[in-house]
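# Coordinates in review
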Amino acid sequence: MKRTQLTQLSTMAVALLLIASCSSSSSSTATNAASDAPSLPNIAAATSVGDGEGALNIVVWAGYAENGSTDKAVDWVTPFEKASGCKVNVKVGNTSDEMVTLMKTGQYDGVSASGDATLRLIYSGDVAPVNTDLVPNYTTVSDFLKNQQWNSAGGKMYGIPHGWGANVLAYTDGKVAAPTSWGAVFDTNSPYKGTVTAYDSPIYIADAALYLMKTKPELKITNPYALDDAQFQAAVDLLKTQKPIIGEYWSDYTKAVQSFESGNTVIGTSWQVIVNLVNGGKKAKVNSIVPSEGSTGWSDTWMISSKAQHPNCMYKWMDHIISPSANAQVAEWFGEAPSQTASCAMTADKNFCTSYHATDAAYASQIHYWTTPTKSCLDGRGSICKDYAAWTQAWTEIKG
Amino acid sequence: MYFSRKTKLFLQALSTIVFAFLYIPLLVILVNSFNPSKTFSWPPAGFTTTWWGKAVENEGVRTALLTSVKAGLGAMLISLLLGSMVAFAVARYQFFGREAISLLVILPIALPGIITGIALNSAFRTTLEPLGISFGLATVIIGHATFCIVVVYNNVLARLKRVGKSLEEASSDLGAGSWQTFRFVTFPGIRSALAAGALLAFALSFDEIVVTTFTSGAGIQTLPQWIFDNLFRPNQAPIINVVAATLIALFALPVWLSQRLSEGAASGRI
Amino acid sequence: MRANLAPQNELRASSWLHRHEKSRLAILLSAPLFWLIVAYLGSLFSMFISAFWSVDSFTGSLVKTFTWENFQTLITADVYRRIALRSISVALMVTIIDALLALPIALFMAKVLSPRKRQLLVVLLLLPLWASYLVKAYAWRTLFANGGVLDWLLNPFGLGTPGYGLAATTIVLCYLWLPYMILPIYAGLERLPNSLLEASSDLGAGGGRTFRSIVLPLVYPSLIAGSIFTFSLSLGDYITVKIVGGKTQLFANVIYDNVGTAGNLPFAAAAAMVPVITVLGYLFLVRRSGALENL
């Protein structure tokens, strides 16, 4: 009767949905969970760039696609929109993890990925190789950024280099004695307890590992992203002792700016763009240094989604963002080294490229760029290292 | 009366404190919308109306506002339809699972928004995407309508229980068809409950952020999403205060109206 | 006045409908139930199925093989238990504080004020709900900031802002959900017959005694109804913590971080079971108190 009809209907419906979810295929072109060397998905690169599709959806790091809304004078998106007819919708990703997740939805055409996102995107089939012949400005990009371990695979380039830089140690001038070492943020007896900040992402564990690399050589850490059990535990323990002095973990760059301005944060790891924004707002004066132990950093690559709905606009954007003028603007605004060698002649500050060592390959190779940790140790010790899943879980434990 | 003067004064004092607690942050928002400082240092150093001007010019706000209105209207209409249908079924019929229906209808709003959001997100991913329907305004409306059903349901159910069946029965005894009965007898009786429910549904949808985050797409931005994206941006944050102050002022009238509607019926005036 | 009789076809349809009560019911229920059961419950169910899956740690793709791994991690790792307890305590605290704040004001509005003032106050009560949840939380962020309003108010007394953290989060959550607690209690009190209160004072009871013995037991269902909102909303909130929570995490943040940032839907789904079971348990417990009718 009605009773059985209703029950029948509901069971059928739920069963239908179950079947649908079980049989649907997610991006499983390269699932090889057990092996250390996942297979490269076979995706073709574009062969030509046609007319713009009228729109472009991109996931970017804060400050990479400014359209005048942060500062009227800072805008390299509007000229692009006018020239190409592609209206740009910008989604700011706060961490590499967020960016990977956003790209997996398939709703975005491209992303400015750091080294700890690039390989994940490549091997999961979320991004397509880039046909660099279709990007004229690529020829004058710094050579030491081409065909690197983090932006190419299987002999193909998977993106267009954007720029690179180091995570800096920022501190408020006048409130903090000028530090020279990362020890200032790991000091459990810090006089700035409660106003120290750290980056809210599992990748920050590498910063702790980097510090231990220099201060505890007996741990024999050679690569802060390749940590075996003992090394990993030491880094995690260091971060757990750091937690009591932390005021806020930041991932939203504008929250970080506000924190420095209001005095809720006076010292911690940061980006040059944050320092620049604080000093520009004139509510506080913040200095930045790369401490004696060196620094982690990032080398960013523009990648195009394998499911891009506006591929032509994306190629046009990639060409635009590494054009000498645009790359100079974004590098100066963000505070990083531009990938475009021709940009050095176009920066407002004539010493910009020198102070950021933009064309210095030797300097560039010293920064410990964000890389995805894998079980197979990146320094060749075999499969004894902690993978990113372990890092993520540890990070939750650290924050408590 | 029923309470001694002492008790009344005591209650009045407590109520004043609670109302102050409720309104002080709102006043802070209002004052900050005139605060020239971008980081709202307190006390404000001056007075400026620049943010109000900027808010009007800001294209992002206007687009987001329009999107929110569209989503709200869509959610309101769907939940009006579905909520009344369930209310009628529960109020006028006896059937197996009648009690369970109340629980079912409440579930989308009782369960934390993030769970509804994640569930709908993965459901859309598996069912709609293969059909070519991508995330956008439609998925947002579906998400909102799901938790708006309960507010319409509650209002209409309460009214139907109060009004009773006798009028409807009399109407059909006198020869009216189902549609006529509905149009001339039932509907006028529940009209104000429908309006109150509709207003509440619109309000819920308009301010919703969590489910929206998981059900919207790349090109869609509702007002709460716009606010969330710009919450900490130094140049946009003051505009948010303006938007908030405007919203409060703008919706004072409909809120009062919906109150009158539900109260009016309660005292017998339909 | 003779009302127009309905046209023949309509009458025929109406009589058919009238005779077939079950068809009427089916028509009424089909669309909403399809929506709620198939679409909503179905999607909840498929999300929970994914709690038994995992993600490839490198590519992040879904691996649809059955595994208890997620639940094992949830139960064995200390940190999740700690966060869950923290979140449940916050939710309970918010509920209790809001109930304490709501009762006097609801009583005042329902029983002491004149009807016109009552309507005005209800409108005043509903207005903050329109102010946008995000903006209100953000307003509190400026209130709690160093050098913000609270500092400005409390410094003369030698106190200061508690800063961002669990206390700030609790206070803001109390603030946000207070109207949701006041309204059901107010509605319940409105229904309370004044004759009972009169009789009570006639028999010599003071305000306190009347409150304890008459008002409280009768308003109990509404209290529970309001508590459903405050408890569930607090348990599921991850945004307020991000705005005023400083470095604290609540359970909803674990869910959000895993589905958003970490892209680990299976683990997030497994974690999501915790608040769902808690809320469902709570709903089941209070079903008998009749609170569900008072929402």
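Residues numbered from 1 in each chain as written. Chains lettered and ligands numbered in written order. Predicted model: local features only at pLDDT ≥ 70, side-chain atom pairs only at ≥ 80, totals over all residues.

### Focus: the overall build of chain C
What counts, and what does not: Strands are runs of DSSP state E lasting at least two residues, helices are runs of H or I lasting at least four, and both sets are numbered from the N terminus onward. Our radius of gyration looks at C-alpha atoms and nothing else; its globule reference is 2.2 Å times the residue count to the power 0.38. Once C-beta atoms are placed from the backbone, each residue is buried if 20 or more other C-beta atoms lie within 10 Å of its own, exposed if 12 or fewer, and partly exposed for counts between those two. This entry defines residue contacts through backbone-placed C-beta atoms, with two residues in contact when those atoms are within 7 Å.
Counting secondary structure elements, chain C contains 13 helices and 2 strands. Relative to the 2.2 N^0.38 estimate, which gives 19 Å for 295 residues, the radius of gyration of chain C is 25 Å and therefore markedly larger than a compact globule would have. Considered along the principal axes of its C-alpha atoms, chain C spans approximately 75 × 65 × 35 Å. Residues classed as buried in chain C amount to 52% of the 295 residues present. When contacts within chain C are restricted to residue pairs at least 6 apart in sequence, long-range pairs at least 24 apart make up 72% of them.

### Quick look at the overall build of chain A
A tally of helices and strands in chain A yields 14 helices and 15 strands. Computed over the C-alpha atoms, the radius of gyration of chain A is 23 Å, within 12% of the 21 Å expected from 2.2 N^0.38 for a compact globule of 400 residues. Viewed in the frame of its principal axes, chain A has a C-alpha envelope of about 75 × 50 × 45 Å. Per-residue burial for chain A yields a buried fraction of 54% across its 400 residues. The long-range share in chain A, meaning contacts at least 24 apart out of those at least 6 apart in sequence, stands at 71%.

### A few points about the interface of chain B and chain C
Just so we agree on the cut-off: When residues are sorted by character, Ala, Val, Leu, Ile, Met, Phe, Trp, Tyr, Cys and Pro go into the nonpolar class, Asp, Glu, Lys and Arg into the charged class, and all the rest, Gly among them, into the polar class.
Contacts between the two partners involve 73 residues from chain B and, on the opposite side, 78 residues from chain C. For the side of chain B that touches chain C, the secondary-structure elements that each account for two or more residues are α1 (5–32), α3 (59–92), α4 (98–110), α5 (113–127), α6 (137–163), α8 (178–207), α10 (223–230) and α11 (237–266) of chain B. Here the side of chain B that touches chain C is built from residues that sort into 52 nonpolar, 18 polar and 3 charged.

### Description of the pairing of strand β10 (residues 246–250) of chain A
Residues and elements named next belong to chain A. Rules: Strand pairing follows a simple DSSP-based rule, namely that at least 2 bridges must link the two strands.
The element β10 is extensively covered by neighbouring structure, given that 4 of its 5 residues are classed as buried. Bridging between strand β9 (residues 196–199) and β10 involves 4 bridges; their strand directions are parallel. Within the sheet, the bridge partner assigned to Y199 lies in β10 and is W250.

### Some remarks on the domain arrangement of chain A
All names here are of chain A. Here is the rule we go by: An automatic or database domain assignment supplies the start and end points of every domain.
Segmentation of chain A into domains returns domain 1 (55–162 + 300–359) and domain 2 (168–294 + 374–399). Using only C-alpha atoms to locate each centre, domain 1 and domain 2 end up separated by 26 Å. Contact residues are listed per partner, giving 11 residues for domain 1 and 10 residues for domain 2. Elements represented by at least two residues in the side of domain 1 that touches domain 2 include exactly α3 (96–104) and α11 (324–334).

### With respect to the environment of A73 of chain A
Here A73 of chain A shows up in the loop between β1 (55–60) and α2 (78–84). For the pair A73 of chain A and E336 of chain A, spaced 263 residues apart in sequence, the C-alpha separation works out to 19 Å.

### Describing the confidence of the model for chain A
Condition: The pLDDT score gives, residue by residue, the confidence of the prediction method on a 0 to 100 scale.
Looking at chain A, pLDDT values average 87 and 90% of them are 70 or higher. Taken as a whole, residues 17–36 of chain A scores under 50 in pLDDT and shows 42 contacts with residues more than four places along the chain or in a different chain.

### Some words on the pairing of β1 of chain A
All names here are of chain A. Threshold: By convention, a crossover is right-handed whenever its connection, traced from the first strand over the helix to the second and viewed with the strands pointing away, goes clockwise.
Of all 6 residues in β1, 5 are buried, a share of seventy percent or more. One crossover worth recording links β1 to the parallel strand β2 (residues 87–92) by way of α2, and it is right-handed. Pairing analysis gives 2 bridges linking β1 to strand β3 (residues 110–113), with the strands arranged parallel. The residue of β3 that forms the bridge with I58 is G110.

### Here's the deal with helix α8 (residues 253–262) of chain A
All names here are of chain A. Where burial is concerned, most of α8 is hidden: 9 out of the 10 residues are buried. Residues of α8 that are buried include every one of Y253, T254, K255, A256, V257, Q258, S259, F260 and E261, and no others. Buried residues along α8 sit against β8 (168–172), β9, β10, β11 (267–270), α9 (272–281) and β12 (286–289). Where α8 ends, the next residue or the one after it, G263, has phi of about 85°, a positive value.

### Description of the environment of G60 of chain C
Within the element layout of this structure, G60 of chain C appears in the loop between β1 (54–55) and β2 (62–63). Measuring from C-alpha to C-alpha, the distance between G60 of chain C and G188 of chain C comes to 51 Å, with 128 residues separating the pair along the chain. Discounting chain neighbours no more than four positions away, the residues touching G60 of chain C are V100, K104, R120 and S124 of chain A together with V55 and G263 of chain C.

### Points about the sheet that holds β9 of chain A
Residue and element names in this part refer to chain A. The line we're drawing: Simply put, an axis is a line fit to the C-alpha atoms, just over the touching stretch for a helix, and the angle between two N-to-C directions goes from 0 to 180 degrees.
The strand order β10-β9-β11-β8-β12 describes an open sheet built from 5 strands, whose pairing is mixed. The sheet is open, and its two borders are formed by β10 and β12, each paired with just one other strand. Going across the sheet, the axis of each strand differs from the next one's by a mean of 25°, ignoring polarity. Examined bridge by bridge, β8 and β11 share 4 bridges and lie antiparallel to one another. By the bridge assignment, V168 is partnered in β11 with S270. Against the sheet, α8 engages β8, β9, β10, β11 and β12, with an angle of about 155° to β10.

### With respect to unusual backbone geometry
Residues and elements named next belong to chain A. One non-glycine residue with positive phi stands out, namely K220, at about 60°. Relative to the assigned elements, K220 resides in the loop between α6 (205–215) and α7 (229–242). The exposure class of K220 is exposed, given the 11 C-beta atoms found within 10 Å. With phi around 55°, H357 is a residue other than glycine that occupies positive phi space. Structurally, the position occupied by H357 is in the loop between α12 (352–355) and α13 (361–364).

### Thoughts on the nonpolar core
Going by this rule: What makes a nonpolar core is a set of buried Ala, Val, Leu, Ile, Met, Phe, Trp, Tyr and Cys residues, with links drawn between C-beta atoms within 7 Å.
One finds C148 and A201 of chain B together with A106, A137, I182 and I255 of chain C to be the most contacted residues of the largest nonpolar core, which totals 173 residues. Mapping this core onto the domain boundaries places at least three of its residues in each of domain 1 (8–37) and domain 2 (78–294) of chain C. Sequence-distant contacts of C148 of chain B, that is, excluding residues within four places in its chain, are made with A75, M76, S79, A201, L204 and S205 of chain B. F186, W333, A364 and I398 of chain A belong to the second-largest nonpolar core, a separate cluster that totals 122 residues.

### Some points on the confidence of the model for chain C
All names here are of chain C. Averaged over chain C, the pLDDT score is 84; the fraction of residues at 70 or greater is 95%. Model confidence for chain C, summarised as mean pLDDT per element, is weakest for helix α1 (residues 8–19) at 78 and strongest for helix α4 (residues 78–112) at 91. Both scores are given for the predicted complex: the pTM is 0.82, the ipTM 0.81.

### Here's the deal with the environment of P129 of chain A
Residues and elements named next belong to chain A. Structurally, P129 can be placed in the loop between β4 (127–128) and β5 (152–153). Sequence-wise, P129 and M314 are 185 residues apart; in three dimensions their C-alpha atoms are separated by 13 Å. Excluding residues that lie within four positions of it along the chain, P129 makes contacts with I43, A45, K156, M157 and Y158.

### Describing the domain arrangement of chain C
In many analyses, interface size is given as the accessible surface area lost on bringing the parts together. When its domains are assigned, chain C resolves into domain 1 (8–37) and domain 2 (78–294). Placing the centre of domain 1 of chain C and that of domain 2 of chain C at their C-alpha centroids yields a distance of 41 Å.

### Concerning the packing of α6 of chain B against α8 of chain B
All names here are of chain B. The criterion, for reference: An angle below 35 degrees is read as roughly parallel, one above 145 as roughly antiparallel, one from 65 to 115 as roughly perpendicular, and any other as oblique. A crossing counts as left-handed when the near helix is turned anticlockwise from the far one by less than a right angle, and as right-handed when that turn is clockwise.
The interhelical angle for the contact between α6 and α8, taken along N-to-C directions, is 160°, at an axis separation of 9 Å. Relative to α8, the element α6 is oriented roughly antiparallel. α6 and α8 meet at a crossing whose hand is right-handed. Together, H144, F147, C148, V151, V152, N155, V156, R159, L160 and V163 of α6 and G189, I190, A193, L194, A196, G197, A198, L200, A201, L204 and S205 of α8 make up the contact between the two elements. For the contact of α6 with α8, the residue count by class is 15 nonpolar, 5 polar and 1 charged.

### Describing the packing of helix α7 (residues 166–173) of chain B against α8 of chain B
Residues and elements named next belong to chain B. Contact pair α7 / α8: the axes reach a minimum separation of 10 Å and the direction vectors enclose 145°. Here α7 and α8 pass one another in a crossing that is right-handed. Packed against α7, whose contacting residues are L167, E168, S171 and S172, the element α8 presents T181, V185 and T186 at the interface. Taken together, the residues of the contact of α7 with α8 sort by class into 2 nonpolar, 4 polar and 1 charged.

### Describing α8 of chain B
Rule in force here: Multiplying one less than the number of residues by 1.5 Å gives the expected span of a helix. Note that bend, as reported per residue, equals the angle between axes fitted to the 7 residues terminating at that residue and the 7 residues originating from it.
The terminal C-alpha atoms of α8 of chain B, which comprises 30 residues, lie only 38 Å apart, well short of the 44 Å expected from a rise of 1.5 Å per residue. Residue F187 of chain B marks the point of greatest curvature in α8 of chain B, where the axis turns by about 60°; the proline P188 of chain B follows within four residues.

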